[in-house]
Amino acid sequence: MTTALETKERLQPGTASSAILWEYAPSIEAVDHVKIAPRYNLFIGGKFVEPHSKKWFATINPATEETLSEVAEADAQDVDRAVREARRAYEKVWRKVAPSERAKYIYRIARLIQEKSRALAVVETMNGGKSIKESRDIDIPLAAAHFFYYAGWADKLEYAFPNRNVSPLGVAGQIIPWNFPMLMAAWKIAPALAAGNTVILKPAETTPLTALMLAEIIQEAELPPGVVNIITGAGATGAALVAHPDVDKIAFTGSTEVGKRIQRSVAGTKKKLTLELGGKAPNIVFEDAPLDQAVEGIINGIYFNQGHVCCAGSRLFVQESVIEPVIRKLRERVSTLRVGNPLDKNTDIGAINSRAQLEKIQELVDSGLEEGAEMFQPVCNLPTRGFWFAPTFFTGVSQSSRIAQEEIFGPVLSVLTFRTAEEALEKANNTPYGLSAGVWTEKGSRILKMAQKLRAGVVWANTYNKFDPTSPFGGYKESGFGREGGMHGLGAYVTLS
Amino acid sequence: MTRLNVRKTYKLYINGEFPRTESGRSYPVKSKGGDLLANASRGSRKDLRNAVQAARKAQSGWGGKTAYNRGQILYRIAEVCEARAGELVDELRGAGSSAAEARKEIDRMIDRWVYYAGWSDKYPQVFGSVNPVAGPYYNFTVPEPTGVVGVVAPEEPALLGLVSRLAPVIVGGNTVVAITSESRPLPAITLAEVFANSDVPGGVINLISGLKNELVPWLAAHMDVNAIDATGVAAENIAAVQQTAAENVKRFIHFDAGEIGWTDERRSQSPYAIFEFQEMKTVWHPMGM
């Protein structure tokens, strides 16, 4: 937690003299209403069952390093059991349920998430390290909204695919990352169920708890057993799910490296695959942009969720004529960000999700310094326990340096400059990734041209990091294929004839 | 003394030109009866790389043309094919089709160009959307070309198979490097003469003849190819192609025509074949006074 006093202390003299320093009293979200079981088993066939592996692993709070609970480690036999349950539920039950009834089950899930939203937000923050402000206002409400949106599609699928017969694929294996645990579970499960599939979801190793709370919600919604199965574990569990011969569909969100491995693994099978992978998004600020708004967008673009965002605007391109005021405003604004206890409602930047991620961020930041970029970091009194990284940006970054090319997945921004729109486009597109991009300008025709020319699946113009269940999301190039959200998101879970 | 006929040299089609393979190699193409028809170019890895380079260079111009313009160019291909139908029929007959079969395949091939020409300014309306987000934003989704697409044409039917896979890719603004039917490459090379005379800009369609075992692995591995249509890859090689394609997360498409697929219009032509080589782009902008 950062107090106003600390905020003053960590300002470097002369760097942010005009920043307004607000006083903040701590405002800690209550946790006494939240019940976390000491141990969670695997959710298979509608029940929590002990893992065949007889192994459990601790899941911690990255802000305190305290153990919150322990969760089961699913081995290949557990995966097989989950797939068999999902297959049985698909053949015997779910495919026979009327689409309008299917819809009502999904609506129930949406409503239950809303009813339990505060507990879900608190656990999301405790298990993942993200600020309560974000889990409360973004992750959990959006997760509910996704279920609500896709519920309505269940009995309307033929309108999404003109002149085709629509059928479900069968059993879907879904592997999600640790940056938006509950929201990613919703992105995966909601369209799969709406289209009539059964699922096996594997949450990330470090953030299993809200997915297990979702399992309880699914029980409470009285979904037929086996329609949704949630199994915890690490990479080996995911690999076993991908390799299982009776899975019809793999949906994966995570790193490009693992995505490529999965693409190789399903080669030669009939499994349908969608991948939502990494990014290194350009955020482009033209000289005519409203600079104060743009700076807010830059901040939101890179520091949202500690920068653990695949679509983070991690490469800032500023037109040369305004580089000086943009950097000045950025320094001031970064210096007012509150880093600390994620459960404090004032906190802007919470804990880094894991020690491994913190080390990866540090390694890339070190490489930026070695390659001669100039670093700005407000002086932060970071808590002594837990995993923390101060909001950081680099200037004087060359296009070829690692911090301009590699995904850092942390609160670290690389600032580059450009002179003309053509140059901005050339630099922005010069990456194997293509997930998202930002453009800031008051000129309408330029927005539309830039939006057209940027090779990215999502373009935020004069805004950044906005998400909605009706809005398709997904990448070009090595950022993956397939879309999640909107009518297009259904395509990942159906077969057409 | 009867006049000695002038034989045709079958070369590659790269960047709007007809170069010989840089490798200087050829392979004999025979009729079903075993007679030598011609020596086709045995394209090399270097030819493929040149073709990908040409396709990449042509992509933004082709993708940037108006949909109306692209539609007219595809329609122009149909017009020129119609005018040269006799020559194309002869190519198929030489390769072993009966006169009636050959004529039927050419007719269908021409109609397929017309079918896809008509989609150019319609598929974005079918697959695009305006999204009712819960906030003060204007939000829309449009399809955009994937980029450079590698197409491995099926062995049979030599022309209809190639065109059925090629037309939906290029109508969507992509550029193509296609590997022709290995056993019957000659009709495709003659079709390239149609492309060269149909206002198709150089580099939009590139055709390489040769041995698939030599060429396909390089096409699948090329880091500047965005998608691969492996329809003409032999079943036993599909897994290997898919694995190689993962190197740069290529979109991998394999169309299984089945027994009647190439003549069954519902199966072998549809806007969904265009959609497979499109990327959906979503744009957000705030609304306010």
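Residues numbered from 1 in each chain as written. Chains lettered and ligands numbered in written order. Predicted model: local features only at pLDDT ≥ 70, side-chain atom pairs only at ≥ 80, totals over all residues. Heavy atoms only, no water.

### So, the overall build of chain A
Part 1 of the reasoning: Regarding its fold elements, chain A presents 15 helices and 20 strands.
Part 2 of the reasoning: Of the roughly 17,700 Å² that chain A leaves accessible, carbon and sulfur atoms contribute 52%.
Part 3 of the reasoning: Charge centroids of chain A, computed over 56 positive and 55 negative side chains, lie 6 Å from each other. (Helix = DSSP H or I, 4+ residues; strand = E, 2+ residues; numbered from the N terminus. Areas by Shrake-Rupley, 256 points an atom, 1.4 Å probe, with all protein chains shown as cover. Lys, Arg positive; Asp, Glu negative; His and termini not counted. Charge placed at Lys NZ, Arg CZ, Asp CG, Glu CD.)

### As for the overall build of chain B
Part 1 of the reasoning: A count of helical and extended segments in chain B gives eleven helices and ten strands.
Part 2 of the reasoning: Since a compact globule built from 289 residues should have a radius of gyration of about 19 Å, the 20 Å found for chain B is in line with a globular shape.
Part 3 of the reasoning: Taken over the C-alpha atoms alone, chain B extends approximately 85 × 40 × 35 Å along its principal axes.
Part 4 of the reasoning: When contacts within chain B are restricted to residue pairs at least 6 apart in sequence, long-range pairs at least 24 apart make up 77% of them.
Part 5 of the reasoning: Summed over its atoms, the accessible surface of chain B is roughly 12,100 Å², and 52% of this surface lies on carbon and sulfur atoms. (Rg over C-alpha atoms; globule rule 2.2 N^0.38 Å. Contact = heavy atoms within 4.5 Å.)

### Thoughts on the domain arrangement of chain A
All names here are of chain A.
Part 1 of the reasoning: When its domains are assigned, chain A resolves into domain 1 (39-277) and domain 2 (282-461).
Part 2 of the reasoning: Taken over C-alpha atoms, the centre of domain 1 sits 31 Å from the centre of domain 2.
Part 3 of the reasoning: At the junction of the two partners, domain 1 supplies 26 residues and domain 2 supplies 28 residues.
Part 4 of the reasoning: Taken together, both faces of the contact between domain 1 and domain 2 bury some 2,200 Å²; the carbon and sulfur share is 56%.
Part 5 of the reasoning: A per-residue breakdown of the area domain 1 buries against domain 2 is headed by Glu65, Lys133 and Trp178, which together make up 24% of the total.
Part 6 of the reasoning: Counting across the interface, domain 1 meets domain 2 through two salt bridges. (Domains from an automatic or database assignment. Buried area = accessible area lost by both parts, 1.4 Å probe. Salt bridge = Lys/Arg side-chain N within 4 Å of Asp/Glu carboxyl O.)

### Comments concerning the interface of chain B and chain A
Part 1 of the reasoning: The partner chain A presents 45 residues to the 39 residues of chain B that form the contact.
Part 2 of the reasoning: Each partner contributes to the roughly 3,300 Å² buried at the junction of chain B and chain A, and carbon and sulfur atoms together form 51% of this total.
Part 3 of the reasoning: Looking at the side of chain B facing chain A, the largest losses of area belong to Arg266, Tyr272 and Trp284 of chain B, adding up to 21% of the total buried there.
Part 4 of the reasoning: Between Glu279 of chain B and Arg483 of chain A there is a salt bridge whose closest N-O contact spans 3.7 Å.
Part 5 of the reasoning: Elements represented by at least two residues in the side of chain B that touches chain A include exactly helix H5 (123-127), strand S4 (137-145), helix H9 (238-245), helix H11 (271-275) and strand S10 (278-286) of chain B.
Part 6 of the reasoning: The element that contributes the greatest number of residues to the side of chain B that touches chain A is S10 of chain B, accounting for eight residues.

### Considering the sheet that holds S4 of chain B
Part 1 of the reasoning: Strand order across the open sheet formed by ten strands is S14(A)-S15(A)-S16(A)-S13(A)-S12(A)-S17(A)-S18(A)-S10(B)-S4(B)-S3(B), with mixed pairing between neighbours. The open sheet is flanked by strand S14 (374-376) of chain A together with strand S3 (129-130) of chain B, the only strands paired with a single partner.
Part 2 of the reasoning: Two strands pair when backbone bridges link them, and strand S13 (residues 315-319) of chain A and strand S16 (residues 412-418) of chain A are joined in this way by five bridges, in the parallel orientation. Residue Phe317 of chain A lies in a different strand from S16 of chain A, and its bridge partner there is Leu416 of chain A.
Part 3 of the reasoning: Contacts from helix H15 (residues 444-453) of chain A reach strand S12 (282-285), strand S17 (436-440) and strand S18 (458-461) of chain A together with S4 and S10 of chain B within the one sheet, and its direction differs from that of S10 of chain B by about 150°. (Pairing = 2+ DSSP bridges. Axes fitted to C-alpha atoms, helices over the stretch in contact; angles between N-to-C directions.)

### So, the pairing of strand S2 (residues 36-41) of chain B
Residues and elements named next belong to chain B.
Part 1 of the reasoning: Where strand S1 (residues 26-30) lies against S2, five bridges are found, and the strand directions are antiparallel. Bridge pairing in S2 links Ser26 to Ser41.
Part 2 of the reasoning: Hairpin connection, S1 to S2: the antiparallel pair is bridged by five residues, and Gly34 has positive phi, about 95°.

### A few points about unusual backbone geometry
Part 1 of the reasoning: Glu156 of chain B connects to Pro157 of chain B through a cis peptide bond whose omega is -10°.
Part 2 of the reasoning: Phi is positive for Asn305 of chain A, which is not a glycine, with a value near 55°.
Part 3 of the reasoning: Its location among the elements puts Asn305 of chain A in the loop between helix H10 (291-303) and S13.
Part 4 of the reasoning: When its relative accessible area of 2% is taken as the criterion, Asn305 of chain A is described as buried.
Part 5 of the reasoning: The backbone of Lys477 of chain A sits at a positive phi, close to 50°, despite the residue not being glycine. (Buried < 20%, exposed > 50% of the residue type's maximum accessible area, 1.4 Å probe, protein only.)

### Points about the side chain of Asn465 of chain A
Residue and element names in this part refer to chain A.
Part 1 of the reasoning: With respect to the helices, strands and loops of the structure, Asn465 is situated in the loop between S18 and strand S19 (480-481).
Part 2 of the reasoning: Accessibility expressed as a relative area gives 6% for Asn465, which makes it buried.
Part 3 of the reasoning: Reaching out from Asn465, the side chain makes a polar contact with the backbone oxygen of Asn300 at a distance of 3.1 Å.
Part 4 of the reasoning: Here Gly301 takes part through its backbone oxygen, which lies 3.5 Å from a polar atom of the side chain of Asn465. (Polar contact = N/O pair within 3.5 Å; in protein donor to acceptor, adjacent residues only side chain to side chain.)

### Overview of the environment of Val169 of chain B
Residue and element names in this part refer to chain B.
Part 1 of the reasoning: One can find Val169 in helix H6 (residues 160-171).
Part 2 of the reasoning: The exposure class assigned to Val169 is buried, which follows from its relative accessible area of 0%.
Part 3 of the reasoning: With 73 residues separating them in the primary sequence, Val169 and Gln242 have C-alpha atoms 19 Å apart.
Part 4 of the reasoning: Setting aside chain neighbours within four positions, we find Val169 in contact with Val149, Val151, Asn174, Val176 and Phe277.

### Considerations on the sheet that holds strand S5 (residues 66-72) of chain A
Residues and elements named next belong to chain A.
Part 1 of the reasoning: Taken in spatial order, the three strands of this open sheet run S1-S5-S4, and their pairing is mixed. This sheet does not close on itself; its edge strands, each paired only once, are strand S1 (39-40) and strand S4 (56-61).
Part 2 of the reasoning: As judged from the two bridges shared by S1 and S5, these two strands associate in the parallel manner. Paired with Arg39 across the bridge in S5 is Glu70.

### Structural notes on the pattern of salt bridges
Part 1 of the reasoning: If you walk through the whole model with that rule in mind, you get 49 salt bridges over all chains.
Part 2 of the reasoning: Between Glu155 of chain B and Lys212 of chain B there is a salt bridge whose closest N-O contact spans 2.6 Å. With Glu155 of chain B in the loop between strand S5 (148-152) and H6 and Lys212 of chain B in helix H8 (residues 212-221), this residue pair connects regions lying 57 residues apart in the sequence.
Part 3 of the reasoning: For Glu155 of chain B, a relative accessible area of 26% gives the class partly exposed.
Part 4 of the reasoning: On the basis of relative accessible area, Lys212 of chain B is assigned to the buried category, the value being 9%.
Part 5 of the reasoning: Here the salt bridges do not stand alone but share partners, grouping Arg87, Glu91, Arg95, Asp246 and Asp248 of chain A into one network.

### A word on helix H4 (residues 117-128) of chain A
All names here are of chain A.
Part 1 of the reasoning: Look at H4: 16 Å from first C-alpha to last across twelve residues, which is about the 16 Å you get at 1.5 Å a residue.
Part 2 of the reasoning: Among the twelve residues of H4, ten are classified as buried, and the element is accordingly described as predominantly covered.
Part 3 of the reasoning: After H4 finishes, the residue Gly129 shows a positive phi value of roughly 95°. (Expected span 1.5 Å × (residues − 1).)

### Examining the pairing of S17 of chain A
Residues and elements named next belong to chain A.
Part 1 of the reasoning: Burial of S17 is extensive: five of the five residues sit out of reach of the surface.
Part 2 of the reasoning: Residues of S17 alternate between two faces, with Ser436, Gly438 and Trp440 on one and Ala437 and Val439 on the opposite face, all of them buried.
Part 3 of the reasoning: Bridge count for S12 against S17 is three bridges, and the pairing is parallel. Paired with Asn283 across the bridge in S17 is Gly438.
Part 4 of the reasoning: Examined bridge by bridge, S17 and S18 share four bridges and lie parallel to one another. Within S18, the position partnered with Val439 by the bridge is Ala461.

### Let's talk about helix H4 (residues 99-119) of chain B
Part 1 of the reasoning: Between its first and last C-alpha atoms H4 of chain B spans 31 Å; for 21 residues at 1.5 Å apiece the expected length is 30 Å, and the two agree.
Part 2 of the reasoning: Listing the buried residues of H4 of chain B in full gives Ala102, Glu105, Ile106, Met109, Ile110, Arg112, Trp113, Tyr116, Ala117 and Trp119 of chain B.

### So, the packing of aromatic side chains
Part 1 of the reasoning: Here the structure, examined in full by the defined rule, presents 23 aromatic pairs over all chains.
Part 2 of the reasoning: Seen in terms of ring centroids, Phe127 of chain B and Tyr272 of chain B are 5.6 Å apart; in terms of plane orientation they differ by 65°. Their pairing is edge-to-face. Within this pair, whereas Phe127 of chain B is found in helix H5, its partner Tyr272 of chain B is found in helix H11, the two being separated by 145 residues in sequence. For the pair shown, Phe127 of chain B and Tyr272 of chain B are each scored as buried.
Part 3 of the reasoning: When the ring of Phe127 of chain B is compared with that of Phe275 of chain B, the centres are 4.7 Å apart and the planes differ by 40°; the resulting orientation is tilted. Of the two residues, Phe127 of chain B is situated in helix H5 and Phe275 of chain B in helix H11; the sequence distance between them amounts to 148 residues.
Part 4 of the reasoning: An aromatic cluster is defined as three or more aromatic residues linked by ring pairs; in this entry it consists of Phe180, Trp187, Phe304, Trp460, Tyr464, Phe467 and Phe473 of chain A.
Part 5 of the reasoning: Stacked on the ring of Tyr493 of chain A, the Lys or Arg Lys249 of chain A has its end atom at 4.9 Å from the ring centre.
Part 6 of the reasoning: Sitting above the plane of the Trp218 of chain B ring, Arg45 of chain B keeps its charged end 3.7 Å from the centroid. (Phe/Tyr/Trp six-rings, centres within 6.5 Å; stacked < 30°, edge-to-face > 60°. Lys NZ or Arg CZ within 6 Å of the ring centre and 35° of its normal.)

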